[in-house]
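# Fold and geometry: a report
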Amino acid sequence: MTGIVDYGRFAERLRQVMPRWDERTRMTEEEFAEHLADTGPRWELLRQFQEEWGYVPLEDDTVWPRWSEDEHKAYVRRLSGRTGDDDRFADVDLALPIPKALDEWWDLPFNSFTHRPRLYWTNPLWPPTVRPDPTGYGASDGLPEDNPYVGPGGDRRVCVLMAENQYCNEWGYLAAEAGMADPRVFVSVEKDWVEQSRSVSEFFLQLAVERLPEHFGWTLSLGEEEFGADEAEMARRVRERFPELGLLPWRELGARTYAYGAPDAIIRYNAGEYHDAPLHIHARTRAALRRVADTLGIDLREEWIAAPDPEDARLDIGPVAIAAGDTDDRGRWTARQVSPERPERAEISFGRLTGDAEPPGLTVTALDSEAVTLVAGDRDGGVHARLLDADPPHALHHALHKGAITAVTSMRTLTGAPVMWSGDDKGVVRIWGSNVDPRDTPYDVRRRNRVTALHAESLPTGPAVAIAWSDGVVRIWDVFTLLAADLELGSGIDHLVLRPDATLVVGGDHGTVTLQLRPERLWPTHELTVRLGKVDWESLATSRDRDASGIPDLILRAATANADHAERTVEALASRLLEKDAPCSAAGPAAPLLLDVAAAPGCEARAGLLELLARIVGAPTADRSAAQARAAAASRRPTLLALLDDPDPAVRAAAATVIEAADLDTARSNPHPT
């Protein structure tokens, strides 16, 4: 990273380059248009900010295309008036120009969104689609009639360029300003649109400010308990002790977040709804984080500090040094056997198994556990596979990586479809196969260290893949839920074998270590995540008739939240599952999940979840969601009765309310009948 950057002066940097709408009346129309079109300095500020926080494009980055070839053909057909049966662009007004700044953003060579979209978890829309959506699919309406931006009879449509991951919010520019080079960006909030950024270029800078520091920086998230004062005092100290960045409040999922600056740090205070904590401090160094905490008068504890995302970390773990009986501090593995001998490796000949000439430059080959899928990689980033049980053997080839392939593996799913993984010397892991198009995502897993070993196998919990990097991190990745656990086992690993009984063989110069993995400790929310995935949340509704796709995330947060964050998470669930105390359609399927989360050992949200369940269960008898909730309570009667003995009086009271609302028998069976 560069030297100390004072984000307390960021507003000055912003003011020097961003559009000055407050001076529009003092410019001629031509002067203001020329001013808006001067986007170069704005993109340079974005590049600088990304670099300051540690983002640098890698040569192996696969860029997210603004559209696929098929989409481009459909767009051209629409432009020429030849739509056919498949009109993918019915929600695009082709008569509207696309702003110069938006077009430029897609092609920026340092664009962290198109190179690393998983830093953002938002959905770009290209070409921008209009609201209200003529196809009826879009989530938002246009501007209301009494808006302050477009006069009577004006074009009240909004052109959406980006959407929140679950489409709860959309960001776009006014159709009335589409002809401007760098127009303002608005965000959908409930049934209205509010100004989010003073230009398209400022919007993408603000999006980077929201996302990158949390990934690349040291983070401290604080509620009232950690802060040591109520939210009003928290907000006062932040406002008085740190200058704003100069950006408008960020609006997303009910949040209204203000950003403040300090040397090497950004402070974000959320004055709206939040799911975890109202105050987040992100710093480029641990020392900068401590300085901000001291300035705010926080009695900081080391365990509150979150390190930068391990995907971009280079760890100094040292070589493998594990003895028999060792275990990690979270009980995720125990060393069953340790041997000084390297594991044996079978020699695999691509040509001998296939009868064909070996592809040039092969670096690695592997067979799956059933010896029916041969997979290989080469020095130019190409991957190859042969399905040996097909007649004739089916061949797959992809130019997939931008570095030499260093590890490959494969397995068959329950349907018999082959799935392959490949890793390279840049640290990238890709998934591909006969039914998986590797172009669907820019990458699947990446750390900035060489991939040294891969192995896939079906565990009792389902398909999983083990990945080793050169710095000593081994990731155990559940394929269906995408849950991952990073184990810092040590460097020098060049051989992995994952077995169906959840043992992991780790080999290298250190010898061979056999670890017994504990999936329930690797992925504590695995069972809950699987159950959440079986519910069609998108077909269900929450309050204000929003779809329920965000409910699984809130339930998972309730399962893992600490005491301070638990209350806020339950409040967020209640605001979505109940509307004027009436359960929404999502409340019924959510009820058994909420009850099981509440009953789980160590749940900090137990009392709040039971109180929420009591409100759902206690709704009028005819309500379908209430009936589903009562059925869930009845099927878990022993669990509820056990909660009557909980040491927390709030839990006991809430459990009693659920039992009463569900009209359950409170008599307990006598384990010693006379």
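Quick caveat: nothing in here was measured; it's all calculated off a predicted structure. (Residues numbered from 1 in each chain as written. Predicted model: local features only at pLDDT ≥ 70, side-chain atom pairs only at ≥ 80, totals over all residues. Heavy atoms only, no water.)

The next thing to look at is the overall build of the protein chain. A tally of regular secondary structure across the protein chain gives 20 helices and 29 strands. For the protein chain, the C-alpha radius of gyration of 28 Å lies close to 26 Å, the compact-globule estimate for 674 residues. Residues counted as buried form 53% of the 674 residues belonging to the protein chain. For the protein chain, the proportion of contacts with a sequence separation of at least 24, taken over those separated by at least 6, is 58%. Of the roughly 30500 Å² of accessible surface on the protein chain, 49% is carried by carbon and sulfur atoms. Where the 74 positive side-chain charges of the protein chain centre and where its 110 negative ones centre are 1 Å apart. (Helix = DSSP H or I, 4+ residues; strand = E, 2+ residues; numbered from the N terminus. Rg over C-alpha atoms; globule rule 2.2 N^0.38 Å. Buried < 20%, exposed > 50% of the residue type's maximum accessible area, 1.4 Å probe, protein only. Contact = heavy atoms within 4.5 Å. Areas by Shrake-Rupley, 256 points an atom, 1.4 Å probe, with all protein chains shown as cover. Lys, Arg positive; Asp, Glu negative; His and termini not counted. Charge placed at Lys NZ, Arg CZ, Asp CG, Glu CD.)

This brings us to a negative patch on the surface. On the surface, a cluster of negative charge is contributed by Glu29, Glu30, Glu31, Glu34 and Asp38. Take Glu31: it is sitting in helix 2 (residues 29–36). (Patch = residues over 30% accessible without salt bridge, like charges linked within 9 Å, V, L, I, M, F, W, Y side chains within 5 Å. Salt bridge = Lys/Arg side-chain N within 4 Å of Asp/Glu carboxyl O.)

Turning our attention to the side chain of Thr257. Looking at the element boundaries, Thr257 is found in strand 8 (residues 255–262). Judged by relative accessible area, which is 6%, Thr257 ranks as buried. For Thr257, the contacting residues outside a window of four places in its chain are Glu210, Pro249, Trp250, Arg268, Tyr269 and Asn270.

Below, the discussion takes up the confidence of the model for the protein chain. Looking at the protein chain as a whole, its pLDDT mean stands at 88, while 91% of the residues score no less than 70. Per-element confidence in the protein chain is highest for strand 27 (residues 511–517), whose mean pLDDT is 97, and lowest for helix 4 (residues 69–79), whose mean pLDDT is 51. Between residues 670–674, whose pLDDT stays under 50, and residues either more than four places distant or in other chains, the model counts 0 contacts. (pLDDT = per-residue confidence, 0-100.)

When you line up the elements, Asn123 lands in strand 1 (residues 122–131). A polar contact is formed between the side chain of Asn123 and the backbone oxygen of Glu164, at a distance of 3.4 Å. If we skip the residues at most four places from it in the chain, Asn123 touches Leu161, Met162, Ala163, Glu164, Asn165 and Tyr167. (Polar contact = N/O pair within 3.5 Å; in protein donor to acceptor, adjacent residues only side chain to side chain.)

Another point: the sheet that holds strand 11 (residues 305–306). As summarised here, the arrangement of the 6 strands in space is 7-8-9-10-6-11, forming an open sheet in which the pairing is antiparallel. The open sheet has two edge strands with one neighbour each: strand 7 (250–252) and strand 11. Here strand 6 (residues 218–222) pairs with strand 10 (residues 279–283) via 5 bridges, running antiparallel. Note that in strand 10 the partner of Trp218 across the bridge is Ala283. This element, helix 7 (residues 200–216), spans strand 6, strand 7, strand 8, strand 9 (265–270) and strand 10 of the sheet and lies at about 75° to strand 7. Taken strand by strand, helix 9 (residues 231–241) contacts strand 6, strand 8, strand 9 and strand 10, and its axis lies near 145° from that of strand 9. (Pairing = 2+ DSSP bridges. Axes fitted to C-alpha atoms, helices over the stretch in contact; angles between N-to-C directions.)

Another aspect to go through is the nonpolar core. Counting 49 residues, the largest nonpolar core has Phe49, Leu102, Trp105, Met162 and Phe204 as its most contacted members. At the level of elements, helix 1 (10–17), helix 3 (40–52), helix 5 (100–106), strand 1, strand 2 (158–164), strand 3 (170–174), strand 4 (185–189) and helix 7 are the ones that each hand at least two residues to this core. With residues up to four places along the chain from it excluded, the contact list for Met162 reads Trp105, Phe113, Thr122, Asn123, Pro124, Leu125, Glu170, Trp171, Phe203, Phe204 and Leu207. Within the second largest apolar cluster, 48 residues are counted, among which are Leu577, Leu610, Leu640 and Leu641. (Core = buried A, V, L, I, M, F, W, Y, C linked by side-chain atoms within 4.5 Å.)

Relative to the helices and strands, Leu487 resides in strand 24 (residues 484–488). In this structure Leu487 comes out as buried when scored by relative accessible area, which is 0%. For the pair Leu487 and Ile476, spaced 11 residues apart in sequence, the C-alpha separation works out to 7.8 Å. If sequence neighbours within four positions are ignored, Leu487 has contacts with Arg332, Trp333, Gly472, Val473, Val474, Ile476, Leu517 and Leu522.

Next up on the list: the sheet that holds strand 17 (residues 405–412). If you walk across this open sheet you meet the 4 strands as 17-18-19-20, and the pairing is antiparallel. Among the strands making up the open sheet, the edge pair consists of strand 17 and strand 20 (445–446).

It is worth spelling out the packing of aromatic side chains at this point. Here a ring pair, both rings aromatic, is described through the centre-centre distance and the interplanar angle of the planes. Summed over the entire model, instances satisfying the criterion amount to 16 aromatic pairs. Among the aromatic residues, those joined into a cluster by ring pairs are Trp105, Trp106, Phe113, Tyr120, Trp126, Trp171, Phe203, Phe204 and Trp250. The ring of Trp126 carries Arg66 above its face, with NZ or CZ at 4.5 Å from the centroid. Of note, Arg184 hangs over the ring of Trp21, and the distance from its end group to the ring centre comes to 4.5 Å. (Phe/Tyr/Trp six-rings, centres within 6.5 Å; stacked < 30°, edge-to-face > 60°. Lys NZ or Arg CZ within 6 Å of the ring centre and 35° of its normal.)

Attention shifts here to the pattern of salt bridges. Within this structure, the stated rule accounts for 35 salt bridges. Put simply, Arg475 and Asp486 hold a salt bridge, and the shortest N to O gap is 2.6 Å. Of this pair, Arg475 sits in strand 23 (residues 473–478) while Asp486 is found in strand 24, placing the two residues 11 residues apart along the sequence. Judged by relative accessible area, which is 10%, Arg475 ranks as buried. In this structure, a network of salt bridges that share partners links the residues Glu233, Arg236, Arg237 and Glu240.

With that settled, consider helix 2. Residues spaced three or four apart along an α-helix face the same direction, because each turn holds 3.6 residues. Taken as a whole, helix 2 has its buried residues at Phe32, His35 and Leu36. Looking straight down helix 2, one finds that the buried residues subtend no more than 95° of arc, so they occupy a single side. For helix 2, the exposed residues lying more than 90 degrees away from the buried face are Glu30 and Glu34. For helix 2, the elements touching its buried residues are helix 3. (Arc of directions from axis to C-beta.)

Let's shift gears to the packing of helix 17 (residues 606–617) against helix 20 (residues 649–661). Contact geometry for helix 17 and helix 20: axes closest at 8 Å, N-to-C directions at 20°. By the angle between their axes, helix 17 is roughly parallel relative to helix 20. Considering how the two elements wind past one another, helix 17 and helix 20 form a crossing that is left-handed. For the pair helix 17 and helix 20, contact is made by Arg606, Ala607, Leu610, Glu611, Leu613, Ala614 and Val617 and by Ala650, Val651, Ala654, Ala655, Thr657, Val658 and Ala661, respectively. (Parallel < 35°, antiparallel > 145°, perpendicular 65-115°, else oblique. Left-handed = near helix turned anticlockwise from the far one by under 90°.)

So, on to unusual backbone geometry. For the bond from Trp126 to Pro127, the omega torsion is -10°, close enough to zero to count as cis. Within the secondary structure, Pro127 is located in strand 1. The omega torsion across Arg131 and Pro132 is 5°, close enough to zero to call that bond cis. Of note, Pro132 is situated in the loop between strand 1 and strand 2. Phi at Trp121 takes a positive value of approximately 55°, unusual for a residue other than glycine. With respect to the element layout, Trp121 can be found in the loop between helix 6 (112–115) and strand 1. The exposed category is assigned to Trp121, whose relative accessible area is 52%. Of note, Asp581 is a non-glycine position whose phi angle comes to about 70°, a positive value. Locating Asp581 in the fold gives a position in the loop between strand 28 (578–579) and strand 29 (582–583).

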